[in-house]
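Descriptive analysis of the structure
Residues per chain are reported as follows:
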Amino acid sequence: MPKSRIRKKADFTPPPAKQATAIKLGSRGWVAPVMLAFFLIGLAWIVLFYVTEGDMPLKALGNWNIVVGFGFIAGGFGVSTQWK
C-alpha cells in the first residue's frame, strides 16, 4: 500500500507586535505657578485689607474684601486638583 502524503503545516508566525504609542495628556507645568499665585494674591488681598483698615484694596466692597481674598485662595485649591 502506498504511503499517504503528509501535509506540511505552515509554520506559525506571530502577528506583528503593535508599537506602543505614548499618550501625552498635556503639560501640567502651569498648575503650580497659577496655584501659588492664587494663594499669594488671596493672602495679600486679606493682609492689605487688614493693614489699611479697610481703605484698600477696594474700599467700596467693605468687609466683602475678605470674601474676595478667600475666593482667590479657594481658586488656588481648585487649580491644585489639576496637579499630577
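Conventions adopted
Every residue gets a number counted from 1 within its own chain, in the order that chain's sequence is written. Local features in a predicted model are, by the rule used here, given only for residues with pLDDT of at least 70; side-chain atom pairs are given and counted only at 80 or more, and totals for whole chains, interfaces and linings are based on all residues. With hydrogens and water set aside, each side-chain value is computed from the structure's full complement of heavy atoms. UniProt positions are given in the numbering used here, feature names are shortened, and annotations may be inferred rather than shown by experiment. A run of DSSP states H or I qualifies as a helix once it reaches four residues; a run of E qualifies as a strand once it reaches two. Both are numbered from the N-terminal end. Expected span, for any helix, means 1.5 Å times one less than how many residues it has. The contact rule is simple, with two residues in contact once any of their heavy atoms fall within 4.5 Å. For the exposure calls, accessible area comes from a 1.4 Å probe over protein chains only, and a residue counts as buried if that area is under 20% of its type's maximum, exposed if over 50%, partly exposed in between. Each C-beta atom gives one direction from the helix axis, and the arc is the one those directions make. Residues with no salt bridge and a relative accessible area higher than 30% make up the patches, which join like charges within 9 Å and nonpolar side chains (Val, Leu, Ile, Met, Phe, Trp, Tyr) within 5 Å. Computed by Shrake-Rupley with a 1.4 Å probe, the accessible areas treat only the displayed protein chains as cover when residues are assessed. By convention in these notes, a salt bridge is any Lys or Arg side-chain nitrogen within 4 Å of a carboxyl oxygen on Asp or Glu.

- As annotated in an unreviewed UniProt entry, the chain is Cell division protein CrgA from Streptomyces xanthochromogenes.
- Taken from UniProt, the Subcellular location (unreviewed entry) comment for the chain reads in full: "Cell membrane".

1. Let's talk about helix 1 (residues 31-51)
- In this model, helix 1 (21 residues) spans 30 Å end to end at C-alpha, consistent with the 30 Å of a helix rising 1.5 Å per residue.
- Elements that come into contact with the buried residues of helix 1 comprise helix 2 (64-80).
- Just past helix 1, the residue E53 takes up positive phi, approximately 55°.

2. Observations concerning helix 2
- Taking 1.5 Å per residue as the helical rise, helix 2 with its 17 residues ought to reach 24 Å, and the 24 Å between its terminal C-alpha atoms agrees with that figure.
- Buried within helix 2 are the following residues: N65, I66, G69, I73, G76 and V79. Around the axis of helix 2, the buried residues are gathered within 150° of arc, so they sit on the same side. Facing away from the buried side of helix 2 by more than 90 degrees, the exposed set consists of W64, F70 and F77.

3. Digging into unusual backbone geometry
- Each neighbour pair has its own omega, and for M56 with P57 the value is -5°, a cis peptide bond.
- Tracing the backbone shows P57 in the loop between helix 1 and helix 2.
- Located in the positive-phi region is E53, a residue other than glycine, with phi close to 55°.
- Examined against the element boundaries, E53 turns out to sit in the loop between helix 1 and helix 2.

4. Comments concerning a nonpolar patch on the surface
- On the surface, L40, L43, V47 and V51 cluster together into a nonpolar patch covering about 390 Å² of accessible area.
- Considering the arrangement of structural elements, one finds V51 in helix 1.

5. Structural notes on the pattern of salt bridges
- Counted according to the given criterion, the structure contains one salt bridge.
- Salt-bridge contacts for K59 lead to D55; the nearest nitrogen and oxygen are separated by 3.8 Å.
- For K59, a relative accessible area of 58% translates into the label exposed.

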